[in-house]
2 protein chains.
Amino acid sequence: MLFDLKDHIRSIKDFPKQGIMFRDITTLLKNPVAVNYTLDRLLEYSTGKNITKVVGIESRGFIFGSLLANKLDAGFVPARKPGKLPAETVSASYELEYGADKIEIHKDAINKNDRVLLHDDLLATGGTAKAACEVIEKLNGKIILLSFIIELTFLNGIRKLNGFDVRSIIKYDSED
Amino acid sequence: MLFDLKDHIRSIKDFPKQGIMFRDITTLLKNPVAVNYTLDRLLEYSTGKNITKVVGIESRGFIFGSLLANKLDAGFVPARKPGKLPAETVSASYELEYGADKIEIHKDAINKNDRVLLHDDLLATGGTAKAACEVIEKLNGKIILLSFIIELTFLNGIRKLNGFDVRSIIKYDSED
């Protein structure tokens, strides 16, 4: 491959805590060529599927989520942590290592029969993405595709997303 | 005006607390026509100024920040709350009603002589934007323009941003 997107991802040891290798896309974001390359790959997955809404997960999912929505001529819908969205929301919970958290979407953001692309920068354990799918389905949206820039395959998040069309550009099979 | 962007902003009373009228852009975001209109206005301010980096303030500033960077063929740089960015950062503090908070930018995200557009969805008291400007200047970036979708003129945020070129599409002169 002439252009290797992995060269534009920075790996940072022990962030946010010991034993975790953080995959940092800020080095990609500051390079417009790498951004266009990433966007083109994500559009290969999503073009021609009549997507009407792109849901981006707070907050890094807002970056390519809004770019995808704009290119696909679809609406952009932010999925946010509790208490951030001001109007009536629908939510779903997901487990964390210790405790649980929630993801919320405005009730009026997804219409019945909306064809939804869910986007986040990274697929790890899949908990947040699965909760976002639950909310979209509660709102009667049809989930067409889930797209990620990076997938940490060793965390097996895809297992939680069984039955959905899940795509990612870059895969890491270990913390190394 | 045939197209009034204010029609696409939802005003929510007493959010996040009593006495505040929250200006909600999620109703704008879900409409691709309103997004393109907003983007075109923001591009009128920024096109032809040789912007090399667009800094978007977490997290709603990521949405049009990334769209602007892509259209201007500039790099995108997230300005984030403390502890979110994994590599070495530079930060500045700003006052809140009770206490203070900080905004951080990766040290390697802005180069000397970068021509910077700072973007956020809303200009209120200007504290966050001013702190972000301080960080950009610590990194020797040149601040060319600050652009916002909405400005709450009665909070006089522009006074804190004296000396900068500040543009906003929509102005509200009271909480009503």
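Preceding block: the structure.
Each value, and the rule that gives it
- Each residue is numbered by its place in its chain's sequence as written, counting from 1.
- Both sets of labels track the order of writing: A upward for chains, 1 upward for ligands.
- Local features are withheld for residues below a pLDDT of 70 in this predicted model, meaning they are given only at 70 or higher, and side-chain atom pairs are given and counted only at 80 or more; totals for whole chains, interfaces and linings count all residues.
- No hydrogens and no water enter the side-chain calculation; it runs on all heavy atoms of the structure.
- Each helix corresponds to a stretch of at least 4 residues labelled H or I by DSSP, and each strand to a stretch of at least 2 residues labelled E; elements are numbered beginning at the N terminus.
- Note on classification: 1.4 Å probe, protein chains only; a residue is buried when its accessible area is under 20% of the maximum for its type, exposed when over 50%, partly exposed between these limits.
- Contacts are residue-level and defined by heavy atoms, with any inter-residue pair within 4.5 Å sufficient.
- The Shrake-Rupley method, run with a 1.4 Å probe, gives the accessible areas here. Residue values count only the displayed protein chains as cover.
- As used throughout, the charge tally considers Lys and Arg to be positive and Asp and Glu to be negative, leaving His and the chain termini uncounted.
- In this description, the location of a charge corresponds to atom NZ of lysine, CZ of arginine, CG of aspartate or CD of glutamate.
- Least-squares superposition of the copies uses the C-alpha atoms of those residues scoring a pLDDT of at least 70 in each of them.
- Between any two strands, pairing holds if DSSP finds at least two bridges.
- With axes taken as lines fitted to C-alpha atoms, and helix axes fitted only over the stretch in contact, angles between N-to-C directions fall between 0 and 180 degrees.
- To pair, rings of Phe, Tyr and Trp, with the six-membered ring standing in for Trp, must have centres within 6.5 Å; the planes then decide the type, stacked if under 30 degrees apart, edge-to-face if over 60, and tilted in the middle.

S.K.: Can you tell me about the overall build of chain A, naming the residues and giving the values?
M.R.: Across its full length, chain A holds five helices and nine strands. Secondary structure elements of chain A occur, N-terminal to C-terminal, as β-β-α-α-β-α-β-β-β-β-α-β-α-β. Here the C-alpha coordinates of chain A stretch approximately 40 × 40 × 30 Å along the principal axes. For chain A, with 176 residues in total, the buried portion stands at 55%. Counting only contacts in chain A whose residues sit at least 6 apart along the sequence, the fraction spanning at least 24 positions is 58%. Of the roughly 7900 Å² of accessible surface on chain A, a fraction of 47% belongs to carbon and sulfur atoms. Computed over 25 positive and 24 negative side-chain charges, the separation of the two mean positions in chain A equals 2 Å.

S.K.: Provide a residue-level description of the relation of the copies chain A and chain B, including the pertinent values.
M.R.: When chain A is fitted onto chain B, the two copies agree to an RMSD of 0.0 Å after a turn of 180 degrees and an axial shift of 0.0 Å. One copy is carried onto the other by what is essentially a two-fold rotation axis. Of the interface residues in chain A, 100% have counterparts in chain B that sit at the interface too, so the contact is made through matching surfaces.

S.K.: Can you lay out the pairing of strand β1 (residues 10–13) of chain A for me, pointing to particular residues and giving the numbers?
M.R.: Residue and element names in this part refer to chain A. Burial of β1 is one-sided: the residues Arg10 and Ile12 facing one way are buried, the residues Ser11 and Lys13 facing the other way are not. In this sheet, strand β2 (residues 21–24) lies alongside β1 in antiparallel orientation, the contact comprising four bridges. Counterpart to Ile12 in the pairing with β2 is Phe22.

S.K.: Break down the sheet that holds strand β4 (residues 75–79) of chain B for me, citing the residues and quoting the values.
M.R.: Residue and element names in this part refer to chain B. Here we have five strands laid out as an open sheet, ordered β4-β3-β7-β8-β9, and parallel in their pairing. Edge strands, defined here as strands with exactly one partner in the open sheet, are β4 and β9 (166–172). Geometrically, the sheet is characterised by an average inter-axis angle of 15 degrees between neighbouring strands, direction not taken into account. Direction of pairing for strand β3 (residues 53–57) relative to strand β7 (residues 115–123): parallel, over a ladder of four bridges. Within β7, the position partnered with Gly56 by the bridge is His119. Here helix α2 (residues 32–46) sits on the sheet and contacts β7, β8 (142–152) and β9; the angle it forms with β8, its principal contact strand, is near 145 degrees.

S.K.: So what's going on with the packing of aromatic side chains? Residues and values would help.
M.R.: Residues and elements named next belong to chain A. Counting across every chain of the model gives six aromatic pairs over all chains. An angle of 85 degrees between the planes, with centres 5.9 Å apart, marks the rings of Phe62 and Phe76 as edge-to-face. Linking Phe62 in helix α3 (residues 61–72) with Phe76 in strand β4 (residues 75–79), this pair joins segments that are 14 residues apart in sequence. Grouping residues by exposure puts Phe62 and Phe76 together as buried.

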